[in-house]
Structure formats: structure tokens, C-alpha cells
Amino acid sequence: MYGFTLMEQAVCDHTMKFIDCYAGEVGSSHDARVLKKSDLWSKIVGEAEENYFPNDSHVIGDKAYPCLPHLMCPFKDNGQLTGAQRNFNFRLASARTSI
């Protein structure tokens with residue numbers, strides 16, 4: 001019997017309804033690489049991004065993802081974050097981990 005790891009990426013809306021799901025990377029892949037191979041990437045950086053992100057909405061990513069206009073990520077913690085930045089990271093992580 002052989003085992004393998006399948007890298008997954010899922011996005012849900014504020015009602016916890018899945019709106020995007022990607023499962024296609026076998027093995028150990030960096031989260032940012034999985035994102036760039038998914039359809040979500042083309043929606044985030046594509047020309048029609050306003051169709052996918054109405055009312056200035058965003059996707060919440062983890063620290064491995066790049067910060068982009070519609071992809072909100074935590075501040076990089078280099079040991080010098082302000083209290084407001086630490087609070088932002090905590091609240092962002094709380095929202096992200098619900099999925």
C-alpha cells in the first residue's frame with residue numbers, strides 16, 4: 001500500500017458555503033505554489049477580478065500567500081510587529097481557520 005499527500009485549497013463565503021475548491025497537487029508543495037496552479041489564482045490576478053470580488057471583497061490567505069489587492073494576508077512577523085498588527089494577524093487567523 002502506498003500513501004501520498006494531496007494538497008488542497010478551499011475557499012468559503014461568509015455563510016460557510018464553499019465557493020472554490022482545488023485538490024490537484026500530490027506530494028509536498030508550498031501553499032503559494034498550490035494557489036498559483038489553481039483557478040482561484042487567475043480570478044485574483046485576472047482582468048475580470050471585479051466580477052469575482054464585488055463590493056471590495058477579499059480572500060483571506062495564510063502567511064505563505066502573497067498579499068494582493070483581493071488576497072488579504074497577515075503581516076510578516078519579524079519580531080517587530082505593533083500591537084495593532086498582532087491584533088490584525090490574530091483576527092485574520094481566527095477568520096481563516098474557521099474553514
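Model, not experiment: these values are computed from the prediction. (Residues numbered from 1 in each chain as written. Predicted model: local features only at pLDDT ≥ 70, side-chain atom pairs only at ≥ 80, totals over all residues. Heavy atoms only, no water.)

(A) Seen up close, the overall build of the protein chain. In terms of helices and strands, the protein chain carries four helices and four strands. Secondary structure of the protein chain in N-to-C order comes out as β-β-α-α-α-β-β-α. Residues classed as buried in the protein chain amount to 25% of the 99 residues present. In the protein chain, 29% of the contacts between residues at least 6 apart in sequence involve partners at least 24 apart. (Helix = DSSP H or I, 4+ residues; strand = E, 2+ residues; numbered from the N terminus. Buried < 20%, exposed > 50% of the residue type's maximum accessible area, 1.4 Å probe, protein only. Contact = heavy atoms within 4.5 Å.)

(B) Spotlight on the confidence of the model for the protein chain. When pLDDT is averaged along the protein chain, the result is 80; 83% of the residues meet or exceed 70. Least confident of the elements in the protein chain is helix α3 (residues 49-52), whose mean pLDDT is 70; most confident is helix α4 (residues 83-97), at 91. (pLDDT = per-residue confidence, 0-100.)

(C) The arrangement of the layout of surface pockets in detail. Space inside the largest pocket adds up to approximately 780 Å³. As for the largest pocket, its lining consists of 28 residues, and the residues nearest its centre are A10, V11, C12, V59 and I60. Listed by contribution, the elements that provide at least two residues to the lining of the largest pocket are β1 (6-12), β2 (18-26), α1 (31-37), α2 (39-45), β3 (59-60) and α4. Residue composition of the lining of the largest pocket, by class: 15 nonpolar, six polar and seven charged. (1 Å grid on protein atoms, 1.4 Å probe; cavity = no way out; pocket = protein on both sides within 12 Å on 5 of 7 lines; lining within 4 Å. Points joined across faces, edges and corners; volume = space filled by probe spheres on them. Nonpolar A, V, L, I, M, F, W, Y, C, P; charged D, E, K, R; others polar.)

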